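Residues per chain, in single letters:
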2 protein chains.
Amino acid sequence: MTTIYEVATRAGVSLSTVSRVLNGNKSVNPALAEKVKQAASELHFTPSQKARSLASKHSHAIGIVLPNKHMLFASHLLFSFEHILRQHKKHCVIAFSHDTIESEVEAIEFLLSQGCDGVFVTTISSTTKHLHSLKDKIVTLSTGEAKATVTDLSASVAHCVSKAHHLLSEQGHTDIALVNDRKTVSQNETFLSLFKKQLIVNVEVDALSDPFLDPLLELMAKGEVFSAIICTNDVLVERVVNSAKELGMVLPSDLSIISSRPPNAHAEISSSLTYNVSSVAYSTLDMARAAAKKCFAAFYDDGLDEDSANPLSPIFLDYGSTAPFS
Amino acid sequence: MTTIYEVATRAGVSLSTVSRVLNGNKSVNPALAEKVKQAASELHFTPSQKARSLASKHSHAIGIVLPNKHMLFASHLLFSFEHILRQHKKHCVIAFSHDTIESEVEAIEFLLSQGCDGVFVTTISSTTKHLHSLKDKIVTLSTGEAKATVTDLSASVAHCVSKAHHLLSEQGHTDIALVNDRKTVSQNETFLSLFKKQLIVNVEVDALSDPFLDPLLELMAKGEVFSAIICTNDVLVERVVNSAKELGMVLPSDLSIISSRPPNAHAEISSSLTYNVSSVAYSTLDMARAAAKKCFAAFYDDGLDEDSANPLSPIFLDYGSTAPFS
DNA sequence: TTGTATGCGTTATCAA
DNA sequence: TTGATAACGCATACAA
């Protein structure tokens with residue numbers, strides 16, 4: 001392994017000059033700088049991360065806590081996250097939480113003990129007192145409404161529902177129904193006020209195992225008319241679509257259906273659906289970008305500048321399952 | 001951060017004694033050792049990986065190259081791999097290759113430049129000359145038959161086919177057919193000799209897009225009888241199953257069907273199948289174990305001992321789609 | 001068996 | 001602007 005010292009001798013300067021040039025922050029004589037760069041490239045010099053992280057405060061390693069082995073969503077997020085990190089010459093150390101708070105804490109502590117500058121948690125985002133002491137080393141993906149005490153990436157299904165509602169409203173729909181399986185949404189007065197109370201069906205998550213559960217029929221039983229439905233879950237969408245077809249409805253002209261994906265779901269169409277459903281969801285790329293930015297700001301002094309100030313916002317994926325109200 | 005030196009003073013010994021106790025290799029006075037452990041735990045001492053990796057030769061970081069964002073198989077492998085690594089106090093740095101050789105090389109070099117002791121490559125496993133120089137730092141998951149020049153984990157679909165054949169033979173089947181989409185298998189004389197030539201259907205991968213392709217009909221057209229079929233691909237299985245049902249066959253009594261999964265597929269049943277198909281595949285846990293073992297042996301002096309010498313072998317997942325021949 | 005001293009390859013702090 | 005030199009926290013060869 002070639003060291004900074006060898007580069008120094010070859011360039012005829014001291015090692016501290018080399019360090020300055022390579023880190024490029026301090027002012028150096030351009031002529032010398034050129035010499036150093038030349039020598040460095042000739043020797044194929046690669047600074048030792050080991051030494052570098054010992055001498056400086058940072059290891060340039062960022063930990064990421066992943067949920068479990070079925071990481072459909074997380075794999076996309078991880079992919080983008082790693083891509084961004086590598087562009088900034090930082091690397092990504094992973095650890096799985098096994099969907100429990102204890103294991104999540106374990107994973108975080110492990111990553112930190114391994115020298116990570118900080119940790120990005122994509123899972124439960126529990127913020128126990130245990131973690132409170134190292135909160136400035138943690139960025140979480142907060143998918144709920146409850147704010148954590150750590151730096152978090154706020155992404156919520158309520159925002160998605162809101163965006164979906166907005167889109168439908170723009171298309172002229174006034175009677176919009178909500179088929180909801182989220183406690184967080186059903187408690188969020190702000191978003192619920194967008195809907196007529198009668199046009200909301202709340203479905204318990206465990207009730208989904210009942211194959212006879214038919215949200216569409218439940219809605220119709222209320223005797224109200226509606227021209228569009230927002231579902232917070234793909235299974236619910238499937239039920240509604242199938243039911244609508246059985247009832248002889250023509251989609252989307254008779255009924256606009258839109259899926260409002262939770263933040264930790266793909267921003268991609270579900271292959272199990274027989275009907276392509278438009279959806280409102282967060283882009284994993286956007287999330288990764290936002291997460292990286294938060295991490296850089298929290299773990300390092302110099303924040304990532306880039307095209308700044310684009311808050312995390314749901315995107316609309318139009319697969320033609322909504323139509324203007326006529 | 002509490003250092004080894006503080007532990008030393010508190011325990012009333014020198015720092016080298018502390019180092020010895022904590023690394024547990026050299027002989028130390030049990031009494032002193034106890035003191036040191038006590039002091040260490042009282043101070044919540046956690047050795048700095050940064051310093052440790054600079055002073056010693058190892059960073060205790062192992063890189064893993066993942067294929068792409070759709071990592072269905074790799075996520076399971078990663079999960080198990082990380083679990084094993086963490087048990088041995090090593091951590092897992094990831095990088096994605098984007099399914100090209102160039103990006104794979106990039107990923108490997110990046111991981112190595114970040115100080116990883118070695119890299120486990122789960123993807124293309126190309127072994128260009130470029131990588132040959134650092135072959136002792138690379139373990140690959142070789143899913144083909146072609147041996148790489150680096151340390152590799154040999155896993156092949158041919159082994160799976162062989163195992164499937166063996167299982168069916170044990171059940172009394174003598175006329176076994178093979179529906180194959182793998183070039184590597186169709187060139188492997190050893191395994192093909194298990195089958196009667198007439199009972200082999202080779203399907204080009206791109207031919208799978210043709211919905212009228214019916215391997216079962218092709219087989220039957222050969223005028224031979226057979227009581228069992230081995231498929232090297234889930235799509236093929238689906239075709240065979242559907243076709244068999246249309247022909248009025250009762251599964252599995254009329255026909256045993258078994259899926260011989262390629263090494264880089266889940267060892268889980270595919271949810272897209274309407275019929276549960278038994279399969280022969282590698283367990284991702286086994287693969288992770290084997291990979292970890294190879295990595296430890298290649299990157300560190302002390303190999304992982306554990307229950308040694310269990311070579312990677314396909315497992316049988318019985319979902320009842322095979323029946324004894326009668 | 002234990003303690004001392006040196007080195008690992010950088011970054012950071014001083015003088016010059 | 002540059003160059004010595006001191007950390008960084010630990011492992012380890014060597015001396016005691």
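Rules used in this analysis
- Residues numbered from 1 in each chain as written.
- Chains lettered and ligands numbered in written order.
- Predicted model: local features only at pLDDT ≥ 70, side-chain atom pairs only at ≥ 80, totals over all residues.
- Heavy atoms only, no water.
- Contact = heavy atoms within 4.5 Å.
- Buried area = accessible area lost by both parts, 1.4 Å probe.
- Salt bridge = Lys/Arg side-chain N within 4 Å of Asp/Glu carboxyl O.
- Polar contact = N/O pair within 3.5 Å; in protein donor to acceptor, adjacent residues only side chain to side chain.
- Helix = DSSP H or I, 4+ residues; strand = E, 2+ residues; numbered from the N terminus.
- Nonpolar A, V, L, I, M, F, W, Y, C, P; charged D, E, K, R; others polar.
- Pairing = 2+ DSSP bridges.
- Near = heavy atom within 4 Å.
- Least-squares fit on C-alpha atoms with pLDDT ≥ 70 in both.
- Buried < 20%, exposed > 50% of the residue type's maximum accessible area, 1.4 Å probe, protein only.
- Phe/Tyr/Trp six-rings, centres within 6.5 Å; stacked < 30°, edge-to-face > 60°.

- As recorded by an unreviewed UniProt entry, chain A carries the name LacI family DNA-binding transcriptional regulator and is attributed to Alteromonas hispanica.

### A word on the interface of chain B and chain A
Part 1 of the reasoning: Opposite the 39 residues of chain B that make contact, chain A presents 39 residues.
Part 2 of the reasoning: Contact with chain A buries surface across chain B, with Lys50(B), Phe79(B) and Arg86(B) losing the most and accounting together for 21% of the total.
Part 3 of the reasoning: Scanning the region where chain B abuts chain A turns up zero salt bridges.
Part 4 of the reasoning: Taken together, the connections running from chain B to chain A amount to twelve residue pairs in polar contact (both at pLDDT 80 or more).
Part 5 of the reasoning: When contributions to the side of chain B that touches chain A are tallied by element, the ones reaching two or more residues are helix H4 (49-55), helix H5 (72-87), strand S2 (91-96) and helix H6 (101-113) of chain B.
Part 6 of the reasoning: With eight residues, the top contributor of residues to the side of chain B that touches chain A is H5(B).
Part 7 of the reasoning: By residue class, the composition of the side of chain B that touches chain A is 14 nonpolar, 15 polar and ten charged.
Part 8 of the reasoning: Relative to S2(B), strand S2 (residues 91-96) of chain A is paired through three bridges, and the arrangement is antiparallel. Of the residues in S2(B), the one forming a bridge with Val93(A) is Val93(B).

### Concerning the protein's contact with DNA strand C
Part 1 of the reasoning: Near DNA strand C lie 26 residues; those nearest to it are Ser19(A), Thr17(B), Arg20(B), Ser27(B) and Asn29(B).
Part 2 of the reasoning: What you see for DNA strand C is that sugar and phosphate hold 61% of its atoms within 4 Å of the protein.
Part 3 of the reasoning: Take Ser19(A): an N or O atom from its side chain is 2.6 Å from a phosphate oxygen of DNA strand C.
Part 4 of the reasoning: Within the side chain of Thr17(B), an N or O atom sits 2.6 Å from a phosphate oxygen of DNA strand C.
Part 5 of the reasoning: When residues of the surface near DNA strand C are traced back to their parent elements, those giving at least two are helix H2 (15-23) and helix H4 (49-55) of chain A together with helix H2 (15-23) and H4 of chain B.
Part 6 of the reasoning: Take the surface near DNA strand C: its biggest share by element is four residues, from H2(A).
Part 7 of the reasoning: Residues that form the surface near DNA strand C fall into these classes: eleven nonpolar, 13 polar and two charged.

### Thoughts on the relation of the copies chain B and chain A
Mapping between the two chain copies consists of a rotation about an axis together with a translation along that axis.
Part 1 of the reasoning: Rotating chain B by 180 degrees about the axis while translating it 0.1 Å along that axis superimposes it on chain A, leaving an RMSD of 0.2 Å. Within this description, the copies of the chain are treated as partners about a two-fold rotation axis. When C-alpha positions in chain B are compared against the rotation axis, the closest is assigned to Val93(B), at 2.2 Å.

### Points about the environment of Ser253(B)
All names here are of chain B.
Part 1 of the reasoning: Looking at the secondary structure, you find Ser 253 in the loop between helix H12 (234-246) and strand S9 (256-260).
Part 2 of the reasoning: Residue Ser 253 is classed as exposed on the basis of its relative accessible area, which comes to 55%.
Part 3 of the reasoning: The spacing of Ser 253 and Pro 67 is 186 residues in sequence and 40 Å in space, taken between C-alpha atoms.

### Notes on the protein's contact with DNA strand D
Part 1 of the reasoning: Neighbouring residues of DNA strand D: 24 residues in total, closest Thr17(A), Arg20(A), Ser27(A), Asn29(A) and Ile4(B).
Part 2 of the reasoning: Close to the protein, within 4 Å, the atoms of DNA strand D belong to sugar or phosphate groups at a rate of 61%.
Part 3 of the reasoning: For the surface near DNA strand D, a count of residues per class yields eleven nonpolar, ten polar and three charged.

### Some thoughts on the packing of aromatic side chains
The geometry of an aromatic ring pair is captured by the separation of the ring centres together with the interplanar angle, meaning the angle of the planes.
Residue and element names in this part refer to chain A.
Part 1 of the reasoning: Counting across every chain of the model gives eight aromatic pairs over all chains.
Part 2 of the reasoning: With 5.7 Å between their ring centres and 50 degrees between their planes, Phe 296 and Tyr 300 make a pair best called tilted.
Part 3 of the reasoning: Using a relative accessible area of 5% as the deciding quantity, one classes Phe 296 as buried.
Part 4 of the reasoning: Through successive ring pairs, a cluster of aromatic residues spans Phe 296, Phe 299 and Tyr 300.

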